[in-house]
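Summary of the model geometry
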Amino acid sequence: MIDPDTRTPRERYRTQVREEIKQHAWTQIAAAGASALSVNAIAKQMGMSGPALYRYFANRDELITELVKDAYRSLADTFRTRAEAGADLGDLAHALRGWALEDPQRYFLVYGTPVPGYQAPEDTTRITSEIMAVLLDACAAEQLPDTPPSPLDPHLAEHRAWAGPHPAPPSALRRALTFWTRLHGELSLELAGHFTGMGFDPAHLYAAETEALTGR
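Residues numbered from 1 in each chain as written. Predicted model: local features only at pLDDT ≥ 70, side-chain atom pairs only at ≥ 80, totals over all residues. Heavy atoms only, no water.

Per an unreviewed UniProt entry, the protein chain is named TetR/AcrR family transcriptional regulator, and its organism is Streptantibioticus rubrisoli.

**A closer look at the packing of aromatic side chains**
Applying the stated rule across the entire model yields 8 aromatic pairs. Aromatic side chains Tyr107 and Phe108 sit 5.7 Å apart centroid to centroid with 75 degrees between the ring planes, which places their arrangement in the edge-to-face category. Take Tyr107: its relative accessible area is 0%, and that puts it in the buried class. Measuring from ring centre to ring centre gives 6.0 Å for Tyr111 and Trp180, while their planes differ by 80 degrees; the resulting arrangement is edge-to-face. With Tyr111 in helix H6 (residues 104-111) and Trp180 in helix H9 (residues 170-191), this pair connects stretches of sequence that are 69 residues apart. With relative accessibility at 13%, the residue Trp180 sits in the buried group. Among the aromatic residues, those joined into a cluster by ring pairs are Tyr72, Phe79, Trp99, Tyr107, Phe108, Tyr111 and Trp180. The ring of Tyr206 carries the charged tip of Arg97 above its face, separated from the ring centre by 5.7 Å. (Phe/Tyr/Trp six-rings, centres within 6.5 Å; stacked < 30°, edge-to-face > 60°. Buried < 20%, exposed > 50% of the residue type's maximum accessible area, 1.4 Å probe, protein only. Helix = DSSP H or I, 4+ residues; strand = E, 2+ residues; numbered from the N terminus. Lys NZ or Arg CZ within 6 Å of the ring centre and 35° of its normal.)

**Here we look at the environment of Thr81**
When you line up the elements, Thr81 lands in helix H4 (residues 60-84). Since its relative accessible area comes to 48%, Thr81 is described here as partly exposed. A polar contact of 2.8 Å, which involves the side chain of Thr81, links it to the backbone oxygen of Asp77. (Polar contact = N/O pair within 3.5 Å; in protein donor to acceptor, adjacent residues only side chain to side chain.)

**Description of the environment of Glu190**
Assignment of secondary structure puts Glu190 in helix H9. Note on Glu190: relative accessible area 15%, which makes it buried. Residues Glu190 and Tyr206, spaced 16 residues apart in sequence, show a C-alpha to C-alpha distance of 9.5 Å. Excluding anything up to four places from it in sequence, Glu190 contacts Arg97, Leu101, Phe195 and Pro202. (Contact = heavy atoms within 4.5 Å.)

Quick look at the structure:
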């Protein structure tokens, strides 16, 4: 049963305008990157004044924060849906690539070069923690009992703030970090066009990296 929308017409209109502003922002980012985002230009495109638009987003950074949260939420929901369907590490790897290819500018906003002068607020880490928790669950579930220790394990045991309260052992932390950094490295190069003209299919490289990381 769908819950009735109890918002007032004014609240519904405000939500609609905020969504339209974000769509214009994504169009700008796709054309010139997040650093070129202009609230005044969006206002002009929507036929309103700059001060009028600031009633919906106080400044550029607040707008970027909403876009960042939307991007992380999209990936978190993708991972959670796959996990609930029984996804393993290989499935998550393919889900990550699919999500990245679906909207490269969304990917670069959160995993590319930081926007000059912008600092994401602390509450965005809650969403990123959801993403990492799914990955850590998969790494811990697939951890082999005879996995050899690494010199990195003691360091990760003492520096695990990025993993939040997840109880994964150091070996699973190491595997998650290796998975995350290697696949993001390949994706970043692919989406930035650095493989263009090299004569190979990036999908095959990504599949090989995934196989090397998962063992299958």
